[in-house]
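# Architecture and fold: a report
Chain by chain, the residues:
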Amino acid sequence: MSERKTLKDYLRRIGTFKTRHDRKTRRSLGQHLIGTYDILIHAGCEEAIALAGGLHSIYGTSVFKRVTVQPTDVHRSAVANNFGTYAENLAFLFHTLDRPKGLESGEPRPRWSVDKTTTISKRELRDLRLIEAANLLEQSPKINLKKQFPTISKVWEDQKERRETIRASCVVRNRWWYQVVRRYGSCIGGLRFGLKVVVGSKHLFLPLPLDAVSVRRALLAASGLSEMENAIVGFVIKGEANYGMPPARINMLSRFSNSACAGFELEQRWLPALPIEIVVKEPPVIECELPQNEPIKMASLVNDDDENAGQRILEAFSEQGFVVVDVGEAFAEAVNKTFAGTGAILEGLRGEEMKGKRRLNFDGGRYCGYGCDIAREWVQMRSGIAEKFPWPSGTEAHVASLKTVHDECNRVAREILSKILKALWVDEASRPSIESLLDAPGEKGEDDFGASVQRFIRLKDNAMVTYYKSIPHADMGILTVAPRASSPALELLTPMGCTSRPEENLKDSECVVFAGETLAFLSRGKVQAPIHWVPVSNGVEGRCSAPFFLRSSPNAVLNEEMTTREFCEQHAVGPRPWRYKKLGTRTDW
C-alpha cells in the first residue's frame, strides 16, 4: 500500500472528510490535508515531510481550532507508529507553535504560556516552513507568498530548485533524440547535440563532445570573470558546495550527456537547464608534484603525543588532500596476507553468489559479502562479519587476516576523526561526539553490522574497460583509510587542482587517509572530499586494494539539519557528476 493511500485511509477513518475546512468552497479538511501532501511530494520533499503536511491539522492549529485527534501520549504514539516519529513530531509542532508569523521570523513560540520549553532544530524549522508554504498554497494557489512571507517563500523556492537540479541530473529519459544519437552520432542534419546549463542568470548551450578551451571561456564569461591563463577552473552543482561537493573539472560536465539537460540545439528551449557554479583556483607557485607530508605514527595518535595533531591533519587535507599514517609492521604483514588470500575468498564467494548464498542484505542499501561491477570484484566486510558470515570452507586463515586489517583501519579512522573534531570544534560543548555520529554493531539485531565498511577489491581483466578501473568519484563517508595496494595506481585530485599519486612512495606499514563528503558537509566546507580514481594502465589487472570507509550512522543528525540517510539520498547520491549514473558504485550507507 502506498503512503498516500495509507494517509488517505487514516484521514477518512478519523473523520476529516466529514469536517468542513473552508466555508466558501465547502471543501473538507481531508481534501485540504491530502492536497498539502501532494504539493509537498510534487516539490520533491522527503516522504516524512509530506506525511507531516498531510497530518498538520489533525491536532488543531493556531488558526484552525478544530481538534480531530486529541494530542495525548497514547494517540501521538499511535500516529507515530503509522507514519513515523519524525512526521508525527512535525505535525505536533505545527499544532503547538504560533504560526505562520513565528515560522517566518525564525522564532516560533508555543501558544500556551505554561509550555515555554519547546525548542526546534534548524532542520525542523526548515521542514515546518515547507509545510507552511504548502499549506498556504493549497488553500490559496494565487497567494503572493514572496510578498507576505519572504523567508518561507525563499525556503520553498530553494526546495523546488533542488528538485529541478536532481531531475536534471537523473538517469537518461527515453526520448527520440537519444535513440538517434546512439545510432548515428551526435551531429546529424546540421543539428548540434549538447548540454543546457545556467551560470548565474545566463543560459548556455555547450556542444558535445566538449571543447575544453571554448567551454572554459564561455563559463568564465557567463560568471563575469576574465580569462585567466593558468587558473584552474572547475564547477559544482548550484548550492551543493554547501553540502560538501568538491569542485569537479570542466570535462566532467560530459557525464551529463545522457541526462535530462542534454539534447539537440533545436529543442534547447524545452530542455531543463543544469544550474552550476564556477570555481576558480590559482595554480600552485611551483608546478610539480606536491611533496608528501611526514607520516603520522599511529602510536602518537593513540597516546595523544601531539597536541596539534588535528590541526596538522587539517592542513595536510587542505594542501595535498590526504595524510599518511604509519600503523606498524604487524599491520604490513596482515595486509600482505590479506592480498594473498583475497583471490581465494573471492573465487569461493563468486561460485556461491550465483546460488544466492553469499550476500547478506539489511537496512535497505547496506550489505555484507560478495559484490562486483564491470571492472572489479570485492568482499564487503563490517564489524562482526568474520564471526557471523558463512564463509567458503578452507578460508578461515584468510578471513582472520581480513579481520585484522579491518579492525586496524577502523582504529586509525576513529583516532583521526577524534583529532579532527577537536580541531574543528574548540568548544567541547558544541562538538559532535564520535558516539553521536557512528553506530555500534549488533544493537538492532544479529545482522546489524554498523554503517562503516571495508572492501577488499581485486581488479578484473576486462577489455571493455578502456579508461578507468575505478571512475573519478569522491567517497560519501566520513573518512577513507586505504592501505598500500598491491600495485600503486590510485590518483587523487588535490584541493589545488593538481593530480597526485599518494600510493607511489607508500610503505607496506603505511596507509593513506582522506575525507569523504559526509565530513565535508559536517565541517561546512573546511574539509574537502578529494576526487580520486584508478586509471587503466599497464599492470593494474589483478591489483588488490582494501579501502576502509568510516561512515556515519544513517540516523545521525548532521549540523542539526538532516540525517546521514537524507544527506546521502538528496546530495551524495543525488546531483553529483560522478554519481548520477551510479556506474561502479553502490548506494551503500
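Model, not experiment: these values are computed from the prediction. (Residues numbered from 1 in each chain as written. Predicted model: local features only at pLDDT ≥ 70, side-chain atom pairs only at ≥ 80, totals over all residues. Heavy atoms only, no water.)

## What to know about the environment of Val-399
Take Val-399: it is sitting in helix H16 (residues 396-424). In this structure Val-399 comes out as buried when scored by relative accessible area, which is 6%. Ignoring any residue separated from it by four or fewer positions in sequence, one finds Val-399 in contact with Ile-345, Ala-386 and Trp-391. (Helix = DSSP H or I, 4+ residues; strand = E, 2+ residues; numbered from the N terminus. Buried < 20%, exposed > 50% of the residue type's maximum accessible area, 1.4 Å probe, protein only. Contact = heavy atoms within 4.5 Å.)

## Examining empty space enclosed by the protein
A full pass over the atoms with the stated rule returns 2 cavities of 30 Å³ or more. In this structure, the largest cavity spans a volume of roughly 190 Å³. Forming the boundary of the largest cavity are 17 residues, of which Pro-247, Lys-281, Leu-493, Thr-494 and Pro-495 lie nearest the centre. Counting residues per element, the ones that place at least two in the lining of the largest cavity are strand S3 (232-237), strand S4 (248-249) and strand S6 (274-281). Within the lining of the largest cavity, the residues separate by chemical class into 11 nonpolar, 4 polar and 2 charged. (1 Å grid on protein atoms, 1.4 Å probe; cavity = no way out; pocket = protein on both sides within 12 Å on 5 of 7 lines; lining within 4 Å. Points joined across faces, edges and corners; volume = space filled by probe spheres on them. Nonpolar A, V, L, I, M, F, W, Y, C, P; charged D, E, K, R; others polar.)

## Re the sheet that holds strand S18 (residues 532-535)
Read across the open sheet, the 4 strands follow the order S13-S18-S15-S16; overall the sheet is antiparallel. Of all strands in the sheet, those bounded by a partner on one side alone are strand S13 (468-473) and strand S16 (499-500). With 2 bridges joining them, strand S15 (residues 491-493) and S16 adopt antiparallel strand pairing. Bridging from a neighbouring strand, Leu-492 pairs with Ser-500 of S16. (Pairing = 2+ DSSP bridges.)

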